[in-house]
Amino acid sequence: MVQATSFLLVLSLALVVPTLSARKCVLTGRWMNDLGSNMTIGAVNGEGNFAGSYHTAVTATTNEIQVSPLQGSQHHTNQKSQPTFGFTVNWNFSDSITVFTGQCFVDKKGNEVLKTVWLLRSHEDNIKNDWKATRVGINVFTRLPSQKE
């Protein structure tokens, strides 16, 4: 009887513990990337769409950096805890645009992380310069504490 009880206890813990640790990654909120840029993502609506703002810490222009709008979409998760997403930033201070795509993860410590790849397209006056108009990069975003804390 003791062996059966021990077995049932271990079995129930094995079934319950993974569900306790399965935390959802939520896009909504404030984030900072590895270069010090900040973004705020608003609520994700029923269709998976969201809006927000992006304040870059880096630029290739001499223009003054300004907060710029972002528009995006999260894949319908069907209750998945680590959704894929994409968004576009239309830079207010330059004639370029950047698209980001990535996935929202929860790491082993329970921290939310956005792993992204981006393409930045700059305006060129001549098709001969098209070769240098697109840049590609990777950013990792971590959640910033809420302003209420």
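Placed above this text is the structure.
Residues numbered from 1 in each chain as written. Predicted model: local features only at pLDDT ≥ 70, side-chain atom pairs only at ≥ 80, totals over all residues. Heavy atoms only, no water.

1. Focus: the packing of aromatic side chains
- Under the defined criterion, the tally for this structure stands at 7 aromatic pairs.
- Ring centres of tyrosine 54 and tryptophan 91 lie 5.4 Å apart, and the angle between their planes is 85 degrees; on these two criteria the pair is classed as edge-to-face. Of this pair, tyrosine 54 sits in strand β3 (residues 49–55) while tryptophan 91 sits in the loop between β5 (84–90) and β6 (96–106); the two residues are 37 residues apart in sequence, bridging distant segments of the chain.
- Three or more aromatic residues joined by ring pairs form one cluster here, namely Tyr54, Phe85, Phe87, Trp91, Phe93, Phe100 and Phe141. (Phe/Tyr/Trp six-rings, centres within 6.5 Å; stacked < 30°, edge-to-face > 60°. Helix = DSSP H or I, 4+ residues; strand = E, 2+ residues; numbered from the N terminus.)

2. Here we look at the state of the cysteines
- One pass over the full model with this rule turns up 1 disulfide.
- Between the sulfur of cysteine 25 and that of cysteine 104 lies a disulfide, 1.8 Å long from S to S. Judged by the sign of its S-S torsion, about -70 degrees, the cystine formed by cysteine 25 and cysteine 104 is left-handed. In this pair, cysteine 25 is assigned in the loop between α1 (2–21) and β1 (29–33) and cysteine 104 in strand β6, connecting sequence segments 79 residues apart.
- Exposure remark for cysteine 25: the relative accessible area of 6% places this residue in the buried category.
- With a relative accessible area of 0%, cysteine 104 lands in the buried category. (Disulfide = S-S within 2.5 Å. Buried < 20%, exposed > 50% of the residue type's maximum accessible area, 1.4 Å probe, protein only.)

3. Quick word on the pairing of strand β2 (residues 38–41)
- Side chains Met39 and Ile41 of β2 all project onto a buried face; the interleaved residues Asn38 and Thr40 project onto a face where none is buried.
- Strand direction decides the pairing type here: β1 and β2, joined by 4 bridges, are antiparallel. Looking across to β2, one finds that arginine 30 is bridged to threonine 40.
- The turn linking β1 back onto β2 is made up of 4 residues, and glycine 36 within it adopts a positive phi angle of 95 degrees. (Pairing = 2+ DSSP bridges.)

4. Re the nonpolar core
- Within the largest apolar cluster, 20 residues are counted, with the highest numbers of intra-cluster contacts made by Met39, Tyr54, Phe87 and Leu114.
- When residues of this core are traced back to their parent elements, those giving at least two are β2, β3, β5, β6 and β7 (112–122). (Core = buried A, V, L, I, M, F, W, Y, C linked by side-chain atoms within 4.5 Å.)

5. Remarks on the layout of surface pockets
- What the largest pocket holds in volume is close to 420 Å³.
- As for the largest pocket, its lining consists of 22 residues, and the residues nearest its centre are Val58, Thr59, Ala60, Leu120 and Arg135.
- Elements represented by at least two residues in the lining of the largest pocket include exactly β6, β7 and β8 (134–143).
- Grouping the constituent residues of the lining of the largest pocket by class yields 9 nonpolar, 10 polar and 3 charged. (1 Å grid on protein atoms, 1.4 Å probe; cavity = no way out; pocket = protein on both sides within 12 Å on 5 of 7 lines; lining within 4 Å. Points joined across faces, edges and corners; volume = space filled by probe spheres on them. Nonpolar A, V, L, I, M, F, W, Y, C, P; charged D, E, K, R; others polar.)

6. Digging into the pattern of salt bridges
- Counted by the stated rule, this structure contains 2 salt bridges.
- Linking arginine 143 and glutamate 112 is a salt bridge whose minimum nitrogen-to-oxygen distance equals 2.4 Å. Residue arginine 143 is located in strand β8, and its partner glutamate 112 is located in strand β7; the two are separated by 31 residues in the primary sequence.
- The closest approach of N and O atoms between arginine 121 and aspartate 130, which form a salt bridge, is 2.6 Å. (Salt bridge = Lys/Arg side-chain N within 4 Å of Asp/Glu carboxyl O.)

7. Digging into the environment of valine 117
- Among the structural elements, valine 117 can be located in strand β7.
- When the C-alpha positions of valine 117 and valine 136 are compared, they lie 7.4 Å apart, and in sequence the two are 19 residues distant.

8. Section: the sheet that holds β7
- Ordered in space as β1-β2-β3-β4-β5-β6-β7-β8, the 8 strands form a closed barrel in which the pairing is antiparallel. Neighbour-to-neighbour, the strand axes of the sheet open up by a mean angle of 30 degrees, direction not taken into account.
- Both β5 and β6 contribute to a ladder of 7 bridges, which runs antiparallel. Its bridge partner lying in β6, threonine 88 is registered against valine 99. (Axes fitted to C-alpha atoms, helices over the stretch in contact; angles between N-to-C directions.)

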